[in-house]
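Tertiary structure, described
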Amino acid sequence: MSEVRKFTKRLSKPGTAAELRQSVSEAVRSSFVLEKTKVVEPLDYENVILQRRVQIYSDPLRDLLIFPIEDVSISIIGRQRRTVQSTVPEDALKKAQSLFVKECIKTYSSDWYVVNYKYEEYSGDFRMLPCKSFRPDKIPSHVFEIDEDFEKDEDSSSLCSQKGGVIKQGWLHKANINSTITVTMKVFKRRYFYLSQLTDGSYILNSYKDEKISKESKGCIFLDACNDVVQCPKMRRYAFELKTIDKYSHYLAAETEQEMEEWLVTLRKIIQSNTESLVQEKKDAVESVQDDESSTQGKSENILESLERSMHPELMKYGRETDQLNKLSRNDGRQNIFSFDPEVQRLDFSGIEPDVKPFEEKCSRRFVVCCQDFSLNLLAQLSDTAEEGPTNVEPFFLSLALFDLKNNCKISADFHVDLNPPSVRDMLLDNSEPRTEGTQGHCPVQSLVHGIPESCLRYIKWGVFSVTNPHTEIFLVARVEKVLQGSIAHCVEPYMKNSDPGKTAQKVHKVAKQVCSRLGQYRMPFGWAARPVFKDSQGTLDANGKFSPLYKQDSGKLSNEDMLKLLAEYKKPEKTKLQVIPAQLNIVIKDIPLDFTNCFTASFIPIKPFGKGCEDIAVEVEELVPEVAKYCYPFTVYKNHLYVYPLHLKYENQKVFAKARNIAVCLEFRDSDEVDAKPLKCIYGKPGGPLLTTNAYAAVLHHNQSPEFYDEIKIELPIHLHQKHHLLFTFYHVSCEISTKATSKKQDTVETQVGYAWVPLLKDGRIATLERHLPVSSNLPPGYLGLGDTESRKQSSMDAKWVDGAKPLFKIRIHLDSTIYTQDMHLHKFFHYCQLVQAGAKEVPGELVKYLKCLHAMEIQVMIQFLPVILMQLFRVLTNVTQEDEVAVNCTMVLLHIVSTCHEEGLDHYLRSFIKYVFRAEKPSAKQVKMTHEILVLSMATILKQSADFLAINKLLKYSWFFFEALAKSMAMYLLEENKIKLPRGQRFPESYQHALHSLLLAIIPHVTIRYNEIPEESRNVNFSLANFLKRCLTFMDRGFVFNLINDYISGFSPKDPKLLVEYKFEFLQTVCNHEHYIPLNLPMTFSKPKLQRVQDINLEYSLTDEYCRHHFLVGMLLREASVALQDNYDIRYTAISVLKNLLIKHAFDNRYQHKNQQAKIAQLYLPLFGVLLENLQRVAGHEALTSCPVSSPASRDEFICSFPSPSSRSSLIADKDPACGAALPNGHAIKREDSKGSLNLEGATSSLDQCENIRRSSMRSSVSHCSRLDQFEIRTLLMCYLYIVKMISEDTLLAYWNKFSPQELINVLVLLEVCLFHFRYVGKRNIASSCMRAPGPGERRLAVSPPASCRVHDAWLSKHTAADRKSQTMPALRSRAGVRLQHLGSLETSFTLNHNAGTSEADIVHQALLEGNIATEVCLTVLDTISFFTQSFKTQLLSNDGHNPLMKKVFDIHLAFLKSGQSEAALKHVFASLRAFISKFPSAFFKGRVNMCAALCYEILKCCTSKVSSTRNEASALLYLLMRNNFEFTKRRTFLRTHLQIIIAVSQLIADVALSGGTRFQDSLLIINNFANSDRPMKQEDHLLRQVMLQM
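Residues numbered from 1 in each chain as written. Predicted model: local features only at pLDDT ≥ 70, side-chain atom pairs only at ≥ 80, totals over all residues. Heavy atoms only, no water.

**Remarks on the overall build of the chain**
The following threshold applies: Think of it this way: any DSSP run of H or I at least four residues long counts as a helix, any run of E at least two long counts as a strand, and we number them from the N terminus. Using a 1.4 Å probe on the protein chains alone, a residue whose accessible area is under 20% of its type maximum counts as buried, one over 50% counts as exposed, and one in between counts as partly exposed. Residue contacts are defined here by distance: any two heavy atoms, one from each residue, within 4.5 Å place the two residues in contact. Accessible areas in this description were obtained via Shrake-Rupley with a 1.4 Å probe; residue shielding takes into account the shown protein chains only.
A tally of helices and strands in the chain yields 56 helices and 41 strands. Here the chain holds 1593 residues, and the buried ones make up 56% of them. Sequence-distant contacts in the chain: of pairs separated by 6 or more residues, those separated by 24 or more amount to 76%. As displayed, the chain offers around 68,700 Å² of accessible surface, 51% of which is attributable to carbon and sulfur atoms.

Shown next as structure tokens:
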């Protein structure tokens, strides 16, 4: 911690930005001089590309060096609306006078401003690349020897793969004797015979105990060795004799004469064809010998030319093979090795942030309510037309709304429906205020609502409801009203009687006609019904649910609170006392269909799609969302509604009016209190009337002096509100008496005014809502708004007559549903002050700061609802700051408060939408004022440097992404809109801005590197946000300057840092390195130097030198940090390796760089990784490595031997056969040879190591590492990266890299290739299944599946194979086959048992095996490519000392490792081709001097001759023949004795090692070799020698 304090102390030095950067570098250098290499200053990028412009533009691969043009652009995206036209009225901006209203209108009508990064898809990790085809469409399936069924008979594979298949089969009796033994009847045994044709065209006769060929063969006869077949009747009935060339005979007997004849005919045909071909071959051989003698005089023939003259097609093909053709063959159908990486296969997108979407209207659970019919039990035929049928005898009116019983509130506005048929509606036409009917006669001029005739909107029956929080206790309530007539009990009574319904209906209808003509505009409550809406909390509609019976409305239970109590009672039907009115209510609830059309918003704006017809028009019903933050969302559309709810009038004590019982409340909305003022036409009407009216009436309660109301009156507010706008309530006594004897004058007196009440809409400039208690005046004096409060009433000289002493008699509730008006006091005052300043008022010092600080008390829901408007205004204020730094800081603090609040409420996606689509940095009003990004940077740095307010600092760190994104977008828009993008990067931004950025960076560093433990989340967030911002800066700014920022930031970390800080560092590096133009940023080009300097530094481009890290800054920094991380613990290593691998995967799949030359250039950037791997070779190998042993031979004294266990016997990676050095095992013991019989002695590792030399210091600039061993995941990942680079890099670069190595280092390079083969070897489906089923070990906690990378599988494999690993080269005693059985039984438990209960399916195992097989094959081919190129490049060194040198030994060991590691059938074909070329190039290594190589090769080839895979046997047979053929040519066609002897010794060893299983397969291979010899002209003269070799085998 003392070092950390020292570091921070130096950071606090005052000075310029350059000095501050220097202080960081010096602090880091001095603190960690022992652990860390010195800080490398990056190159001046802009200057370099300017100086090397000619070189860059003349480079064929200049796309890798140049940033593309028009990389950044601004696009204006039209706002997507769900309505046919904008919700904002056309003249809204002109009418608006309030700044807040203006900004709201601008926000809802403006388009989106988006900064587009042309290559943004390439700026993330590989999962974000536009090409998603990381995995091949069809993964090739490879055949491996290890997957062949062990229980399958050794001959079954041979039979199954034969050329002609089974020609004849049947039962025969066989006597397996020679001619010297007397034949008797008892010798014959009954066997089942199969006559088959082999792949090379020869024939074989196999015998079995029964028809099943899966069992062991009891014998076989090769018909190529037979020269005749004759009958033997004396020996046995139906017997015949097969005579061989070597005077041996096989006696067979059929069971019937017909069967014998069939066998004889078939066998004679085969023998005859063999004889004819043999005669022709001998004739050709004589001619060829004569030709050979004449053509070879005076010159020796090349073996390839000799093979081309062969008659065997395979030999002719081999004769035409070249290195180039082999290379082309290997390149055919190759796979990208990263395609099979576990992360690529898994393609987990969970860590990737979803696409940011623009603001859109809230999408709640929506459903449609279709009102079809309402009928009671009193029906009559009122219409003259029979089509209409019987109807209700009087009009009824419905209003529907949603009630939430769980939260005890009403959650929707009212949806008014008129289901009355035309004949019933006609009863209302004689009303004193006749309503306009939807006929052309009554309405000569049709008014339009947004292009739709208003008449189409009068009788809407479809309502679209929405619910944000659905659950089972939400009810749809239907309230039923009728025309005012009398008391509810009196009006309901006829409908509840059962006597004489026809007569009652006529009577009720007669009275109703009179009532409708007189009181048609007044309503009274009648009844109510309800039904549940949802089945569950997921929003499943209860479509089959039905409405409750129609209950009589209780006049004392009208309010919404009473309705909620009634609903609770309705839920318990057994306890209900509600009176039921017989009725049928047909209302359907259903989901909104996909093709839903002709729907209006709650403001009656048509929604897309909207047809031309007027049928089935629907309207949305406004949801009354609770004022809770989690249900709020930013407003995106214009809406300006006011809902007024008259609640209660207390008139029982009034003495002013004689009659005030049937009280009607009439509401008007006025903009003046003058005498002649008229009400505004802005109140939404009821069905049947115009859309907007001037007044609205509440339902009337008969003979009630203290009535309650439940009505909801909806008002469309004007855009501009002033102090005179108010609600005026007029109270009337309605005369309900209907007397036919009364005079017409009395009949006309329906209404009697009994009082007035009013309420101004604005209070302190804001709309006052919630419940209000108003006094009632008996008159309405001019200027009555002046009597608003109690004080003014007392002092006023106006003649206002208050009822009941001006007591608050009238209770109302107001609900504002507006997206342009706010009720929040702090927000209103802030905007009001900004408006005054804009209008030219003089700014009061500190006044703006006061209003900014007050914004911290703003309500959360208001903050979210008006989020874009508030944020834009704050940025506007920030930009226009003139001199006061306090204003900028406080403005930033308010921004921080809003950002943190949104995060805390889980609504941060709204912030991302704002930054991407809405935020637009406006130009400052004053000329010399700084831009938004400049002021914001300074404010952020000021806040971070404050020591008092740690809470604000922590919030700024935690949510820094918002501010960095705002900075980036402001910078981009500044460059594009000011056209500064065309300037040189150094001139785009003022120097003061660069200083400010650097100051901000230095302010952040201590919070990350020191306070990380105190604030882990905050430090991680700012680390990631800063990386993303600097990545963006590389697109906008001077790249050299940004490199310096990156360098300074990384300098703040130390190798001694804990795991958390190392993760931060690599997350930062990974983010920056994911820049879309990461390759051009690294300048993959040669930096030429003067001759003297080039000689002095030949490692410039191949190792992590300072110059390399300077020229290729980002990749150099990443590789250096990864190299240091490899010396740390597992978690840190894992982080570094994963970052490196993911970056290489991205390069491999980047569709911009798919040309091989581009890939080669990219791979060259990572060439220093080779050196890092070679430095860690011992750890990558996984066991003791690079061990030197003292041997007597001078030639082998300098050999570098890597000693870790190999997949089969005599591994090239096990120590030399000298008994002084044993092969190290992972259990700490060593295998030591003691006798020629191959017995083993396990001793402590120290005892054998004492006899070895001390481990030599590698020449790769580092001593042997003492760090912990890498686990299998790390090793495989590093090697996968290595193989990708080796595969992609150009041969010229690779050769230049190799040429700088010493011989010892070259051997290490080869060892690394051999390590690749070992760690990616395929272990078979059974072992993969075993490792899939078991729980992962500690070192494998990050691996999903760890097949061959499993240490346990590896150890099990060692225990199974090590016993047979080191056998004597002399002829050992025969071993019992019981050992094989025990060996298999021992491995069954550990490797071959599948546990299907562990959650891994058979398909998963098969897929994993498929992936591992493809990886193993691709690794094999890549290593084969590399080793083939190596042998071509170093042929002279390999031929040194006739091929007996350490380099040749290691190259040969790798070739043998291909055969030992169990490669796939496809890979082995290429391996055998390479071995053929290798033998042909270096015959002296095999046929001259020591026999080691020849012996080892013979042993492995013969093992392959017993393979269960037929193609492998054929290739191995051909290779063995060509080995003898090469030996024959090498001795100038005298002999192949060496190969002959080594084959005999190898066969003996195989028998001793119990490795020569599959006798028939081995015989099959020998026969193929024989056929090669018979078809090869030059070998005709050695035919007897070859036959002798085969017989001995």
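Now, onward.
**Observations concerning the nonpolar core**
The condition is simple: What we call a nonpolar core is a set of buried Ala, Val, Leu, Ile, Met, Phe, Trp, Tyr and Cys residues that are connected through their side-chain atoms within 4.5 Å.
Counting 320 residues, the largest nonpolar core has I715, L727, F729, F810, I1046 and Y1166 as its most contacted members. Counting residues per element, this core draws most heavily on helix α27 (residues 960-977), at twelve residues. Each residue touching F729, except ones within four places of it in the same chain, is listed here: V644, V665, C666, L667, G755, Y756, A757, V759, L774, F810 and I812.

**Overview of the pattern of salt bridges**
What counts, and what does not: A pairing counts as a salt bridge when a side-chain nitrogen of Lys or Arg comes within 4 Å of a carboxyl oxygen of Asp or Glu.
Per the stated rule, a full pass over the model turns up 54 salt bridges. The partner of E262 in a salt bridge is K168, and the shortest N-O contact between them spans 3.3 Å. Of this pair, E262 sits in helix α8 (residues 257-295) while K168 sits in strand β3 (residues 165-175), and the two are 94 residues apart along the sequence. Ionic contacts of the salt-bridge type, sharing partners, join the residues R330, R334, K1287, E1418 and D1425 into one network.

**Let's talk about the environment of L809**
Turning to its location among the elements, L809 is positioned in strand β38 (residues 808-818). Taking the C-alpha atoms as reference, L809 lies 7.1 Å from Y651; in sequence the two are 158 residues apart. Ignoring any residue separated from it by four or fewer positions in sequence, one finds L809 in contact with H648, L649, K650, Y651, L774, P775, V776, V803 and D804.

**Some remarks on the packing of aromatic side chains**
The geometry of two aromatic rings is summed up by the distance between their centres and the angle between their planes. Keep this limit in mind: Ring pairs are drawn from Phe, Tyr and Trp, using the six-membered ring of Trp, whenever the two centres fall within 6.5 Å, and their geometry is named by plane angle: stacked under 30 degrees, edge-to-face over 60, tilted for the rest. Working rule: Lys NZ or Arg CZ, within 6 Å of ring centre, within 35 degrees of ring normal, means a charge sits over the ring.
Under the defined criterion, the tally for this structure stands at 64 aromatic pairs. Here the aromatic rings of Y1134 and F1273 are separated by 5.2 Å at their centres, their planes lie at 35°, and the arrangement is tilted. Note that Y1134 is positioned in helix α36 (residues 1130-1149) and F1273 in helix α41 (residues 1272-1288), a separation of 139 residues in sequence. Take Y1134 and F1273: they sit in the same class, and that class is buried. Site record: aromatic cluster; members linked through ring pairs are F100, Y633, F635, F830, F831 and F866. Taking NZ or CZ as reference, K168 lies 5.1 Å from the ring centre of W263, over its face. Above the plane of the ring of Y645 lies R813, whose end atom (NZ or CZ) is 4.4 Å from the centre.

**A short note on the sheet that holds strand β33 (residues 726-734)**
Put simply, the rule is: Only when DSSP finds a minimum of two bridges between them are two strands counted as paired. For every element, the axis is a line fit to its C-alpha atoms; helices are fit only across the contacting stretch, and the angle between N-to-C directions ranges from 0 to 180 degrees.
Taken in spatial order, the four strands line up as β31-β28-β33-β34 in an open sheet, and their pairing is antiparallel. Of all strands in the sheet, those bounded by a partner on one side alone are β31 (695-697) and β34 (751-760). Averaged over all neighbouring strand pairs, the angle between strand axes comes to 20°, with direction disregarded. Bridge analysis of strand β28 (residues 663-670) against β33 gives eight bridges, and the strand direction is antiparallel. Bridge assignment links C666 to a residue of β33, and that residue is T730.

**A few points about helix α53 (residues 1510-1530)**
Going by this rule: Every helix has an expected span of 1.5 Å times one less than the residues it contains.
When the terminal C-alpha atoms of α53 are compared, their 30 Å separation across 21 residues agrees well with the 30 Å that a helix rising 1.5 Å per residue should span. The buried fraction of α53 amounts to 19 of the 21 residues, a majority that puts the element mostly inside the structure. Just beyond α53, the residue with positive phi is K1532, at close to 60°.

**Regarding the sheet that holds strand β10 (residues 365-376)**
Two strands in a sheet stick together by hydrogen bonds in their backbones, pointing the same way (parallel) or opposite ways (antiparallel). Strand order in the open sheet formed by six strands is β23-β10-β18-β26-β24-β25, and the pairing between neighbours is mixed. Each edge of the sheet is formed by a strand with only one pairing partner; in this case those strands are β23 (583-591) and β25 (606-607). Both β10 and β23 contribute to a ladder of nine bridges, which runs antiparallel. Of the residues in β23, the one forming a bridge with C371 is I587.

**Comments concerning the side chain of S1484**
How we decide: Nitrogen and oxygen atoms within 3.5 Å of one another constitute a polar contact, given that in protein one can donate a hydrogen and the other can accept it, and given that sequence-neighbouring residues count only through two side-chain atoms.
As for its placement among the helices and strands, S1484 is situated in helix α51 (residues 1483-1487). Exposure remark for S1484: the relative accessible area of 11% places this residue in the buried category. Here D1442 takes part through its backbone oxygen, which lies 3.4 Å from a polar atom of the side chain of S1484. Residues in contact with S1484, not counting those within four places in the same chain, are L1439, D1442, G1443, H1444 and F1530.

**Digging into the packing of helix α35 (residues 1113-1125) against α36**
Worth spelling out the cut-off: Here the angle decides the label: under 35 degrees means roughly parallel, over 145 means roughly antiparallel, 65 to 115 means roughly perpendicular, and every other value means oblique. Left-handed describes a crossing whose near helix is turned anticlockwise from the far helix by less than a right angle; the clockwise case is right-handed. Each residue is assigned to one of three groups, with Ala, Val, Leu, Ile, Met, Phe, Trp, Tyr, Cys and Pro labelled nonpolar, Asp, Glu, Lys and Arg labelled charged, and all others, Gly among them, labelled polar.
It is at 8 Å that the axes of α35 and α36 come closest, and there the two elements cross at 150°. What the angle tells us is that α35 and α36 run roughly antiparallel. Crossing geometry of α35 relative to α36 is assigned as left-handed. Note on element contacts: α36 touches α35 through I1132, R1133, A1136, V1139, L1140 and L1143, opposite L1118, L1119, A1122 and A1125. Residues of the contact of α35 with α36, tallied by class, amount to nine nonpolar, no polar and one charged.

**Focus on the pairing of strand β8 (residues 239-244)**
Within β8, five of the six residues are buried, leaving the element largely enclosed by the surrounding structure. As defined by bridge partners, strand β7 (residues 226-231) adjoins β8 across five bridges and the pair is classed as antiparallel. Each residue of the ladder has a partner; that of V230, found in β8, is E241. Pairing of β8 with strand β9 (residues 249-253), which is carried by five bridges, proceeds in the antiparallel orientation.

**Thoughts on the packing of helix α43 (residues 1303-1319) against helix α49 (residues 1446-1460)**
Contact pair α43 / α49: the axes reach a minimum separation of 10 Å and the direction vectors enclose 10°. Considered as vectors, α43 and α49 are oriented roughly parallel to each other. In this structure, α43 contributes L1306, I1307, L1310, V1311, L1313, E1314 and L1317 to the contact, and α49 contributes P1446, L1447, K1450, V1451, D1453, I1454, A1457 and F1458. Within the contact of α43 with α49, the residues separate by chemical class into twelve nonpolar, no polar and three charged.

**Observations regarding unusual backbone geometry**
With the exception of glycine, the majority of residues adopt a negative phi angle, and the majority of peptide bonds are in the trans configuration. With an omega of -10°, the peptide bond between K608 and P609 qualifies as cis. Residue position: P609 is located in the loop between β25 and β26 (618-620). Unusually for a residue other than glycine, N598 sits at a positive phi of about 55°. With respect to the helices and strands, N598 occurs in the loop between β23 and β24 (599-600). One non-glycine residue, D764, adopts positive backbone phi at about 55°. Note on placement: D764 falls in the loop between β35 (762-763) and β36 (766-767). Take D764: its relative accessible area is 62%, and that puts it in the exposed class.

**What about the side chain of S1474?**
Inspection of the secondary structure puts S1474 in helix α50 (residues 1465-1481). Setting aside residues up to four positions removed in sequence, S1474 forms contacts with R330, L1424, S1428 and H1455.

**Points about the confidence of the model for the chain**
Under the convention used in this document: Per-residue confidence from the prediction method is given by pLDDT, with values spanning 0 to 100.
For the chain, the average pLDDT comes to 79, and 77% of its residues sit at 70 or higher. Segment residues 150-162 is flagged for pLDDT under 50; beyond a separation of four residues in sequence, or across chains, it makes 38 contacts in the model.

**Remarks on the environment of L195**
As for its placement among the helices and strands, L195 is situated in strand β4 (residues 189-197). Put simply, L195 and N206 are eleven residues apart on the chain and 6.6 Å apart in space, counted from C-alpha to C-alpha.

**Considerations on the environment of F534**
As for its position among the elements, F534 is in the loop between β20 (523-532) and β21 (550-552). Relative accessible area serves as the criterion here: at 3%, F534 is assigned to the buried category. Between the C-alpha atom of F534 and that of T472, which follows or precedes it by 62 residues, the distance is 5.1 Å. Once residues lying within four places of it in the same chain are set aside, the contact partners of F534 are R365, F367, V467, P470, H471, T472, I474, G539, T540, L541 and D542.

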